Amino acid sequence: AQSVTQLDSHVSVSEGTPVLLRCNYSSSYSPSLFWYVQHPNKGLQLLLKYTSAATLVKGINGFEAEFKKSETSFHLTKPSAHMSDAAEYFCVVKELTGGGNKLTFGTGTQLKVEL
Amino acid sequence: DAEITQSPRHKITETGRQVTLACHQTWNHNNMFWYRQDLGHGLRLIHYSYGVQDTNKGEVSDGYSVSRSNTEDLPLTLESAASSQTSVYFCASSEPVADTQYFGPGTRLTVL
């Protein structure tokens, strides 16, 4: 079975500084990986996705992630944090068996952005 | 605009009662999913459906059931609510084998 591990449950940054949210995956073949974001009291929104095309994936709101097979990682980055980035972020892997599209979520990383 | 809605948004119930959470989508998606969100666990899959009359168990299906009688709706039923089922529940839908799932706003359920 495929899985993802988010290495930090909480990350705190100052506004204007870089953001790094770490995710490692486990899969016996090349997975489809995603980052979803959840703002307080809201549903989840797709931030970006990797589906075996370019290894550097750009998403919404200036976020990007790089798929590194050698490191089994898919870390999320942003050059400069904004207050509106404060939210919970989930690294997600898509199951490829059975012709379906079930998702397996990591446990989440809470991003706090301080002035 | 197409959307996915959940009702109620908040629900308080008592142990042992039957509860049904509604999920309705106007995307005309074949695939629908129910998740629960708990601190430290992220989102975990409860049940899913790949079309009318199709239902499947997810990772944490015990105590829950679903039925799919049309494309738009996938109601989630707690047959006999337990305090361990206090959680936030999210419904999602997608095209078959699509990468993106669209999530509803969630239902906060408290079982006393």
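Residues numbered from 1 in each chain as written. Chains lettered and ligands numbered in written order. Predicted model: local features only at pLDDT ≥ 70, side-chain atom pairs only at ≥ 80, totals over all residues. Heavy atoms only, no water.

Some remarks on the overall build of chain A
Helix and strand counts for chain A stand at zero helices and twelve strands. Each helix (α) and strand (β) of chain A, taken in turn from the N terminus, gives the series β-β-β-β-β-β-β-β-β-β-β-β. If one aligns the C-alpha atoms of chain A with their principal axes, the spans along those axes are about 45 × 30 × 20 Å. Out of the 115 residues belonging to chain A, those deemed buried represent 43%. Within chain A, contacts between residues separated by at least 24 positions form 56% of all contacts whose residues are at least 6 apart in sequence. For chain A, the accessible area works out to roughly 5500 Å², and carbon and sulfur atoms hold 51% of it. (Helix = DSSP H or I, 4+ residues; strand = E, 2+ residues; numbered from the N terminus. Buried < 20%, exposed > 50% of the residue type's maximum accessible area, 1.4 Å probe, protein only. Contact = heavy atoms within 4.5 Å. Areas by Shrake-Rupley, 256 points an atom, 1.4 Å probe, with all protein chains shown as cover.)

Concerning the sheet that holds strand 8 (residues 76–78) of chain B
Hydrogen bonds between backbone groups are what pair the strands of a sheet, and the pairing can be parallel or antiparallel. Residues and elements named next belong to chain B. One open sheet accounts for four strands, arranged 1-3-8-7; its pairing is antiparallel. Unpaired on one side and paired on the other, strand 1 (4–7) and strand 7 (64–66) mark the two borders of the sheet. The average angle at which neighbouring strand axes cross in this sheet is 20 degrees, direction not considered. Bridging between strand 1 and strand 3 (residues 19–25) involves four bridges; their strand directions are antiparallel. (Pairing = 2+ DSSP bridges. Axes fitted to C-alpha atoms, helices over the stretch in contact; angles between N-to-C directions.)

Quick notes on the state of the cysteines
The final tally for this structure, using the stated rule, is two disulfides over all chains. The disulfide that involves C23 of chain A links it to C91 of chain A, with 2.0 Å between the sulfurs. Taking the sign of the torsion about the S-S bond as the criterion, the disulfide between C23 of chain A and C91 of chain A, at about -70 degrees, is left-handed. Linking C23 of chain A in strand 4 (residues 23–26) with C91 of chain A in strand 10 (residues 87–94), this pair joins segments that are 68 residues apart in sequence. The same class applies to C23 of chain A as to C91 of chain A, namely buried. Each sulfur of the disulfide joining C23 of chain B and C91 of chain B lies 1.8 Å from the other. Its torsion about the S-S bond being -70 degrees, the disulfide of C23 of chain B and C91 of chain B is classed as left-handed. Taken together, the residues C23 of chain B in strand 3 and C91 of chain B in strand 9 (residues 87–94) connect sequence positions 68 residues apart. Residue classification places C91 of chain B among the buried positions, given a relative accessible area of 0%. (Disulfide = S-S within 2.5 Å.)

A few points about the side chain of S87 of chain B
All names here are of chain B. Relative to the assigned elements, S87 resides in strand 9. A relative accessible area of 6% places S87 in the buried class. Looking at S87, its side chain comes within polar contact range of the main-chain oxygen of Q37, at 3.0 Å. Every residue in contact with S87, bar those within four places of it in the chain, is listed here: R36, Q37, D38, T107, R108 and L109. (Polar contact = N/O pair within 3.5 Å; in protein donor to acceptor, adjacent residues only side chain to side chain.)

Some thoughts on the pattern of salt bridges
Summed over all chains, the structure comprises seven salt bridges over all chains. A salt bridge links D8 of chain A to R22 of chain A, with the nearest nitrogen and oxygen atoms 3.0 Å apart. Of the two residues, D8 of chain A sits in the loop between strand 1 (3–6) and strand 2 (10–14) while R22 of chain A sits in the loop between strand 3 (19–21) and strand 4, which places them 14 residues apart along the sequence. Linked by salt bridges that have partners in common, R36, D38 and R44 of chain B make up one network. (Salt bridge = Lys/Arg side-chain N within 4 Å of Asp/Glu carboxyl O.)

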